[in-house]
2 protein chains.
Amino acid sequence: MAVKSAGIRDVAELAGVSVTTVSHVLNNTPHTRVAEETKARVREAAKTLGYGPNRAAQALRTNRSGLVGLLSEEIATTPHAGRIILGAQNAAREHDLTLVIINTDRASGAHAHKDDVQALIDRQVDAVLYATMYHRQVSLPPNLQDLPTVLIDSTDKAGTIPAVVPDEVGGAISAVTHLVDAGHTRIGFLNNDDDVPATHGRFEGYRRVLEEHEIPYDASLVSSAPSETLPGYELAREMLSRTDRPTALFCYNDRMAMGAYRAATELGLGIPKDLSIVGFDNQELIAANLFPGLTTVALPHYEMGAWAVDTLVRLLRGEADHKPLAEEPKILDCPLVVRDSVAAPHAN
Amino acid sequence: MAVKSAGIRDVAELAGVSVTTVSHVLNNTPHTRVAEETKARVREAAKTLGYGPNRAAQALRTNRSGLVGLLSEEIATTPHAGRIILGAQNAAREHDLTLVIINTDRASGAHAHKDDVQALIDRQVDAVLYATMYHRQVSLPPNLQDLPTVLIDSTDKAGTIPAVVPDEVGGAISAVTHLVDAGHTRIGFLNNDDDVPATHGRFEGYRRVLEEHEIPYDASLVSSAPSETLPGYELAREMLSRTDRPTALFCYNDRMAMGAYRAATELGLGIPKDLSIVGFDNQELIAANLFPGLTTVALPHYEMGAWAVDTLVRLLRGEADHKPLAEEPKILDCPLVVRDSVAAPHAN
DNA sequence: TTGAAAGCGCTAACAT
DNA sequence: ATGTTAGCGCTTTCAA
């Protein structure tokens, strides 16, 4: 801190106008007419002084902190949170908002969540983003009621808060279509066994593609288990040991796909020569490091973060209506990420 | 926003004292004597009104925003950043500070970094944390000079900023000692080929353990390549194909270890039966999902984040001296995380 | 031991 | 088209 930085009155003085005019010019205050020539002079003065507004003074006066709270689960364990943060942050910067991130522990229940919200309220954030680490329904802490909120990767039970979620069905359609296009008709599906939207959505996508291509649905080609590596391995091992084994596997997520890779290897099945695999989630650390690279479906974390902030801003400005946004969650695309785990099936 | 929230004057009124007294009591202002009985009354009043200070007013008056900027690389790609954030955040909360995180693009050079720092300055942060995604030297943007700063996972070229880094040597010592303790004497080392502290530190740890146990150093057991999965695979494949192959492998990081797993599998070597492996970094997504679970060394990301904030606070309060902190980086332990990839070597 | 009052830098109602 | 001024809620100097 060499010199005390310039204030609005310094700018006013240098430009030879009043502080009011400076404020009007620099904020583009509506319903205010200032001569172009004066505007130019003010901006010039501000620039030469390196003027930047004192946020605290602004906040005090306008009663808006310019802070947006992001309540996020599991910051520390998956890169998913990182992408949401990045998307939200870039959007926030566009709107001159500052993101304050609080990690909230999913396990620790409503009580802790309330505390986390309180921490944000204490910091006087203007609004909050609530992000979960996988697509599901949440019930929000009651003290969030007073604050404009947008949900990321979740919907609320009451259906009263704007939300953005991934297109699970569409993602599964892309994945399975990719397999069908490669020539596969016997396609196994290793599904999650949790009762979450992704489980149902991805299954629906799978069914729809089969239907569309008039491939009969074979229930024995679908099995489910917890969406981890080991259960994925076990399921795949079992399904691939059969004489009428599928030529391709659509896996609920990349971790299950990782298990399937191991099963294939142990059974002497080459990927993608003898078995094609598609995953879901695009967890780079797994998908890009498996041999061969795993073709998978990306979740739009970045895009959800960005959409949420943009929507919050429009809500705050009254440019968007709360009601329609709250009634239907915004659904964002899950694009296919092609690597090297899919090929045409063997000629029989 | 139902009712306009209580201010200091409301508290004063309810307690039947002046705002001055309220301020003194609530801030524990030093050199101020208030009767215990009055204090109690004030606190009582504050509580019943649900009083919380207006941060903007405080900031305006005291010229301290209570904001700490965290400039972090690669938020979106690894969980490492997440752990640093978590550690920093928890420490920040202790001190009633708010963390503002900005993602900075490592690739985009000094110019972009300067902009990111400027964004923080514009937000009037009281101090900044600068975190890199792997241990290395950095040169800081010039506009950071005016702000109290602590480096996380890096040191600056000028050696003039307090910094905290992992104990690379110690981590490698733990890893290799673990192998030696299991009975291994032919221990291969798959190293990184970048000229970064980890490369040299982990190699030194490796050498030191051999020396300590009077195991002769065999240069043919050490090879290096870029620290990715594929090079790890290639190096391992080559080293394990030899007739005098090592019985254990110490890998520079978990990704190289993942490559080594594949090489072992292809060569029909069981882990840990025929080959023991230890990695480095403890990337859960890899280490916990490999078969068998990878024994590895954890980087103290959480701890570095927490230490950095604590140190910043002590610096800000004048409780710590800048000079000694700047001269020697703080070195934090890298603990061994034991899973299932290490066993005694085969009886020959 | 407590209180009165100035003022942080800005915005906006009002005046000119 | 531009200027004067009150006041946002708090901390802190000074006085009582």
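Residues numbered from 1 in each chain as written. Chains lettered and ligands numbered in written order. Predicted model: local features only at pLDDT ≥ 70, side-chain atom pairs only at ≥ 80, totals over all residues. Heavy atoms only, no water.

You'll find chain A entered in an unreviewed UniProt entry as LacI family DNA-binding transcriptional regulator, with Myceligenerans pegani given as the organism.

Caption draft 1: Summary view of the overall build of chain A. Tallying secondary structure elements over chain A gives 13 helices and 12 strands in all. Rg of the C-alpha trace for chain A: 26 Å, well past the compact-globule value of 20 Å for 348 residues, more than 25% over. By principal-axis analysis of the C-alpha atoms, chain A measures approximately 90 × 40 × 40 Å. When burial is assessed residue by residue, chain A has 54% of its 348 residues classed as buried. Within chain A, counting contacts between residues at least 6 apart in sequence, those at least 24 apart form 70% of the total. Seen as two clouds, the 32 positive and the 45 negative side-chain charges of chain A have centres 6 Å apart. (Helix = DSSP H or I, 4+ residues; strand = E, 2+ residues; numbered from the N terminus. Rg over C-alpha atoms; globule rule 2.2 N^0.38 Å. Buried < 20%, exposed > 50% of the residue type's maximum accessible area, 1.4 Å probe, protein only. Contact = heavy atoms within 4.5 Å. Lys, Arg positive; Asp, Glu negative; His and termini not counted. Charge placed at Lys NZ, Arg CZ, Asp CG, Glu CD.)

Caption draft 2: Summary view of the relation of the copies chain B and chain A. Mapping chain B onto chain A calls for a screw motion: a turn of 180° about the axis and a shift of 0.0 Å along it, with 0.1 Å RMSD after fitting. Each copy turns onto its partner about a two-fold axis. Of the interface residues in chain B, 98% have counterparts in chain A that sit at the interface too, so the contact is made through matching surfaces. (Least-squares fit on C-alpha atoms with pLDDT ≥ 70 in both.)

Caption draft 3: Quick look at the pairing of strand β4 (residues 149–156) of chain A. All names here are of chain A. The buried count for β4 comes to 8 of 8 residues, which makes it a mostly enclosed element. Here 7 bridges tie strand β3 (residues 127–138) to β4, and the two strands are oriented parallel to one another. Bridge pairing in β4 links Arg 136 to Ser 154. Judged from the 2 bridges that link them, β4 and strand β5 (residues 163–166) form a sheet pairing that is parallel. By the bridge assignment, Leu 151 is partnered in β5 with Ala 163. (Pairing = 2+ DSSP bridges.)

Caption draft 4: A look at the nonpolar core. In this structure, Leu129(A), Ile152(A), Leu129(B) and Ile152(B) are the most contacted members of the largest nonpolar core, which totals 60 residues. Once residues within four sequence positions are removed from consideration, Ile152(A) is found in contact with Ile84(A), Leu129(A), Tyr130(A), Ala131(A), Thr132(A), Val164(A), Met304(A), Gly305(A) and Ala308(A). Counting 56 residues, the second largest nonpolar core, distinct from the first, contains Tyr261(A), Ala264(A), Ile286(B) and Ala287(B). (Core = buried A, V, L, I, M, F, W, Y, C linked by side-chain atoms within 4.5 Å.)

Caption draft 5: Representation of the domain arrangement of chain A within the structure. One can read the domain layout of chain A as domain 1 (8–62), domain 2 (67–165 + 301–332) and domain 3 (168–298). Each of domain 1 of chain A and domain 3 of chain A has a C-alpha centre, and the two are 60 Å apart. (Domains from an automatic or database assignment.)

Caption draft 6: Local environment of the interface of chain B and chain A. In this complex, chain B contributes 49 residues to the contact, which on the side of chain A involves 48 residues. Carbon and sulfur atoms make up 62% of the surface buried where chain B meets chain A, a total of about 4,100 Å² over both sides. Considering only the surface of chain B that becomes buried against chain A, Arg123(B), Leu285(B) and Phe291(B) emerge as the three largest contributors, covering 17% of it. A salt bridge links Asp116(A) to Arg93(B); the nearest nitrogen and oxygen atoms lie 2.8 Å apart. Our enumeration of links across chain B and chain A arrives at 16 residue pairs in polar contact (both at pLDDT 80 or more). For the side of chain B that touches chain A, the elements supplying multiple residues, two or more each, are α4 (55–62), α5 (79–94), β2 (98–104), α6 (109–122), α9 (229–241), α10 (254–266) and α11 (284–287) of chain B. The dominant element in the side of chain B that touches chain A, judged by the number of residues it contributes, is α5(B), at 7 residues. (Buried area = accessible area lost by both parts, 1.4 Å probe. Salt bridge = Lys/Arg side-chain N within 4 Å of Asp/Glu carboxyl O. Polar contact = N/O pair within 3.5 Å; in protein donor to acceptor, adjacent residues only side chain to side chain.)

Caption draft 7: Here's a closer look at the environment of Ala264(A). Residue and element names in this part refer to chain A. Here Ala 264 shows up in helix α10 (residues 254–266). On the basis of relative accessible area, Ala 264 is assigned to the buried category, the value being 0%. Once residues lying within four places of it in the same chain are set aside, the contact partners of Ala 264 are Leu 240, Leu 269, Ile 271 and Leu 275.

Caption draft 8: Structural detail: the sheet that holds strand β7 (residues 222–225) of chain B. All names here are of chain B. Reading across from one edge, β7-β6-β8-β9 is the order of the 4 strands in this open sheet, with parallel pairing throughout. Sheet topology places β7 and β9 (276–278) at the edges, where each strand pairs with a single neighbour. Across the sheet, the mean angle separating the axes of adjacent strands is 20° when strand polarity is ignored. The sheet contacts of helix α8 (residues 197–212) involve β6 (187–192), β7 and β8 (248–251), and relative to β6 the element is tilted by about 170°. (Axes fitted to C-alpha atoms, helices over the stretch in contact; angles between N-to-C directions.)

Caption draft 9: How the structure looks around the protein's contact with DNA strand C. Around DNA strand C, the surrounding shell holds 23 residues, and the nearest of these are Ile8(A), Arg61(A), Thr20(B), Thr38(B) and Arg61(B). Within 4 Å of the protein, atoms of DNA strand C come from sugar and phosphate in 60% of cases. Between DNA strand C and the protein, one listed contact pairs a base nitrogen with a side-chain N or O atom of Arg61(B) at 3.0 Å. Among the elements of the structure, α2 (19–27) and α4 (55–62) of chain A together with α2 (19–27) and α4 of chain B are those that each provide at least two residues to the surface near DNA strand C. Broken down by element, the surface near DNA strand C gets its largest block of residues, 4 residues, from α4(A). Taken together, the residues that form the surface near DNA strand C break down as 8 nonpolar, 11 polar and 4 charged. (Near = heavy atom within 4 Å. Nonpolar A, V, L, I, M, F, W, Y, C, P; charged D, E, K, R; others polar.)

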